[in-house]
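An overview of the molecular structure
One letter stands for each residue in the lines below.
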Amino acid sequence: MNERGKSDGPVIPAKPPNKAARAAAEVVEERGPAEGNTASTTHPGRSAGHGAPSGLDRVREVARRDKEARFTALLHHVSLSRLRWAYWAIRPQAAPGVDGVTWAAYGQDLEANLRDLHQRLQAGSYRARPSRRTYIPKADGRLRPLGIATLEDKIAQRAVVEVLNAVYETDFLGFSYGFRPGRGPHGALDALSAGIWVKKVNWVLDADIRDFFTSLDHGWLEKFLGHRIADKRILRLVSKWLSAGVIENGNWSQTTEGAPQGASASPLLANVYLHYVFDLWADWWRRRYAHGDVIIVRFADDFVMGFEDYQDACRFLHDLRERFVRFGLEDDEGRAVLGAAHHGLEADAGQAGRGQRPAAAAPASACPGARTVAGQRGARAPRLLRRPRQPRGGRELPHPGDQALACGASAPQPALPPGLEADGPPRDPMAAARPRHASLP
């Protein structure tokens, strides 16, 4: 079913922008269909399982229609039925938390346990338990810390994530692929492949954020959440999960920053953080400063960008590092790669036919802080880059027209919403019921 050629047809993005004025800024990245993808529709959230009762259609519609709306009453959507579906979405073999309660043990008196959990959540008497710290090896030889939440915390987090997804899935930009409903690594790779094929991409920047999940600033995260969420009960739940601490070798330690990697709520919180720190800013930057085409694909804390102009790539990396410092982040300089984009064994004439310059050697002045891969054909490509697919029958990929994958020099140059890049302290997230874009950090 997944043999070569079965899914090589091009796919042009069809998701409409949230607002007509943002048509060039928030469209789905063009991609080819990933092998093994299904045609099923996206269920309301990533965690509560198929068939979970929604009840969030109005929330989703308001969030889509009014990008400045703040939601003051969301906790009642964390219903008993949503908790029940969250329980059934957890793997029965999932590791237990510090209390040792397994999926099977909790399910022996499931309805009574869920009713008790629901009552405590609604009454505000719910208390988050510390996460159990464990480690798994990383590809570079280091150890990745994981935080294993208790089963009851997993259920509560999954149900709350389901509710918050109704708001944030209307906000997240099209080039964000990590831990989102109906999206995954195959879609990210196909978007990158199609982008390099269609747009004028001569240089590819491949980078990630150093120790991202352990570096999240709790203060900034609360402010970012406050832009859309005004239900203080939901915000208190998130605060409880972030400050519950970890237990390692029988000793409890406080967590003043970061989100437990492995917790059900952490992927959404990470996407919210990077939506404001990276996505909105990077999308503005490529329209404001880039002299050529720029494409962006982000999967969690890893991102790959394609640039037509080498100096654009260097300037973006410099500006991005300055922005990361403000929010307590830094890219992993040892893994940042800036390489020439090649297209398999295509001839230079084939590149010129698509308006793309033939690959050239790296400029004499290397981009500071990034390893530059030599431009000769056959050079090692960045680790997420794969050969773009050749359409069957020699057909060219259709041009996406106004639904542009990236903005180039001919694109309009709107100003960044005031305050998005400002150095001043952001507003109190609870100060106004309807914040303006000027308050965005």
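These numbers come from a predicted model, not from an experiment.

Definitions and cut-offs
- Residues numbered from 1 in each chain as written.
- Predicted model: local features only at pLDDT ≥ 70, side-chain atom pairs only at ≥ 80, totals over all residues.
- Heavy atoms only, no water.
- Helix = DSSP H or I, 4+ residues; strand = E, 2+ residues; numbered from the N terminus.
- Buried < 20%, exposed > 50% of the residue type's maximum accessible area, 1.4 Å probe, protein only.
- Contact = heavy atoms within 4.5 Å.
- Areas by Shrake-Rupley, 256 points an atom, 1.4 Å probe, with all protein chains shown as cover.
- Salt bridge = Lys/Arg side-chain N within 4 Å of Asp/Glu carboxyl O.
- Pairing = 2+ DSSP bridges.
- 1 Å grid on protein atoms, 1.4 Å probe; cavity = no way out; pocket = protein on both sides within 12 Å on 5 of 7 lines; lining within 4 Å.
- Points joined across faces, edges and corners; volume = space filled by probe spheres on them.
- Axes fitted to C-alpha atoms, helices over the stretch in contact; angles between N-to-C directions.
- pLDDT = per-residue confidence, 0-100.
- Phe/Tyr/Trp six-rings, centres within 6.5 Å; stacked < 30°, edge-to-face > 60°.
- Lys NZ or Arg CZ within 6 Å of the ring centre and 35° of its normal.

Attention shifts here to the overall build of the protein chain. Along its length, the protein chain carries 11 helices and nine strands. Burial status across the protein chain gives 52% buried among its 441 residues. Within the protein chain, contacts between residues at least 6 apart in sequence are counted, and of these 78% link residues at least 24 apart. Accessible surface, the protein chain as shown: approximately 19,700 Å² in total, 53% of it carbon and sulfur.

Attention now moves to the pattern of salt bridges. On inspection of all chains with the given rule, the structure shows 19 salt bridges. The salt bridge partner of D283 is R287, with a shortest N-O separation of 3.5 Å. With a gap of four residues between them, D283 and R287 both fall in helix 9 (residues 266-288), about one helical turn apart. Accessibility classification places D283 together with R287 in one group, the buried group. Taken together, the shared-partner salt bridges connect E61, R64 and R65 into one network.

Moving on, we come to the pairing of strand 2 (residues 143-148). Relative to strand 2, strand 1 (residues 131-137) is paired through six bridges, and the arrangement is antiparallel. Residue pairing in the sheet places P137 in a bridge with L143 of strand 2. In textbook terms, the turn of a hairpin is the stretch between consecutive antiparallel strands, and for strand 1 and strand 2 this stretch comprises five residues, one of which, G141, has a positive phi near 95 degrees.

Before going further, it helps to examine the layout of surface pockets. Approximately 870 Å³ is the volume attributed to the second largest pocket. For the second largest pocket, the lining is made up of 39 residues, of which R144, F179, F213, Q261 and G262 are closest to its centre. Elements that contribute at least two residues to the lining of the second largest pocket include exactly strand 2, helix 5 (151-168) and helix 9. It is strand 2 that contributes the most residues to the lining of the second largest pocket, five residues altogether.

Glancing now at the sheet that holds strand 4 (residues 246-248). Reading across from one edge, 2-1-4-5 is the order of the four strands in this open sheet, with mixed pairing throughout. Two strands lie at the open edges of the sheet, namely strand 2 and strand 5 (251-253), each paired on one side alone. Between one strand axis and the next, the sheet turns by 40 degrees as a mean value, whatever way the strands run.

In this fold, A123 is placed in helix 4 (residues 110-123). Residue A123 is classed as exposed on the basis of its relative accessible area, which comes to 52%.

Moving on, we get to the confidence of the model for the protein chain. Here the protein chain averages 75 in pLDDT, while 65% of its residues score no lower than 70. Under a pLDDT of 50 for its full length, residues 30-48 has, in the predicted model, 66 contacts with residues more than four places off or in other chains. Note that pLDDT drops below 50 for residues 374-440; the model gives that stretch 153 contacts with residues more than four away or on any other chain.

Glancing now at the packing of aromatic side chains. One pass over the structure, following the stated rule, counts 21 aromatic pairs. Taking 5.5 Å as the distance between ring centres and 85 degrees as the angle between the ring planes, the aromatic pair formed by W284 and Y289 counts as edge-to-face. Exposure remark for Y289: the relative accessible area of 25% places this residue in the partly exposed category. Across the ring face of Y177, the terminal group of R183 is positioned such that the distance to the ring centre comes to 4.6 Å. In this arrangement the basic side chain of R288 is found over the ring face of Y289, its NZ or CZ atom lying 5.1 Å from the centre.

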